[in-house]
Amino acid sequence: MQITIKYFGQLTEITHIEEETLEVSGTYIYELLETLYRKYNTLKTKDFQVAQNQELVSKETELTGAEIALLPPFAGG
């Protein structure tokens, strides 16, 4: 399944891109994250949330072949 992944904020500094499309064989968000950690080792050290179809999801959420966004912490004001 092909998944489009969007990176925001400091995560774009790690990946050097804002968006990419990957072919993934996993079923869950945590499997996708393991693939990304292998590709971008520094991601392991960063806090971020994952959104699928513009909704925040947990690592145990099933992938739907949708758009995934990795969102760094942000402060309100």
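Residues numbered from 1 in each chain as written. Predicted model: local features only at pLDDT ≥ 70, side-chain atom pairs only at ≥ 80, totals over all residues. Heavy atoms only, no water.

K.L.:
Any chance you could explain the packing of aromatic side chains here in plain terms?
P.N.:
The way to describe two aromatic rings as a pair is by their centre distance and the angle between their planes. Applying the stated criterion across every chain yields a total of two aromatic pairs. Relative to Tyr40, the ring of Tyr7 has its centre 6.0 Å away and its plane inclined at 75°; by these criteria the two rings are edge-to-face. With Tyr7 in strand β1 (residues 2–7) and Tyr40 in the loop between α2 (29–39) and β3 (49–52), this residue pair connects regions lying 33 residues apart in the sequence. In this structure Tyr7 comes out as buried when scored by relative accessible area, which is 2%. Under the relative-accessibility criterion, Tyr40 is labelled buried at 11%. Ring geometry for Tyr28 versus Tyr30: centroids 5.7 Å apart, planes at 5°, classification stacked. Since its relative accessible area comes to 40%, Tyr30 is described here as partly exposed. (Phe/Tyr/Trp six-rings, centres within 6.5 Å; stacked < 30°, edge-to-face > 60°. Helix = DSSP H or I, 4+ residues; strand = E, 2+ residues; numbered from the N terminus. Buried < 20%, exposed > 50% of the residue type's maximum accessible area, 1.4 Å probe, protein only.)

By themselves, these observations are geometric and do not establish any function.
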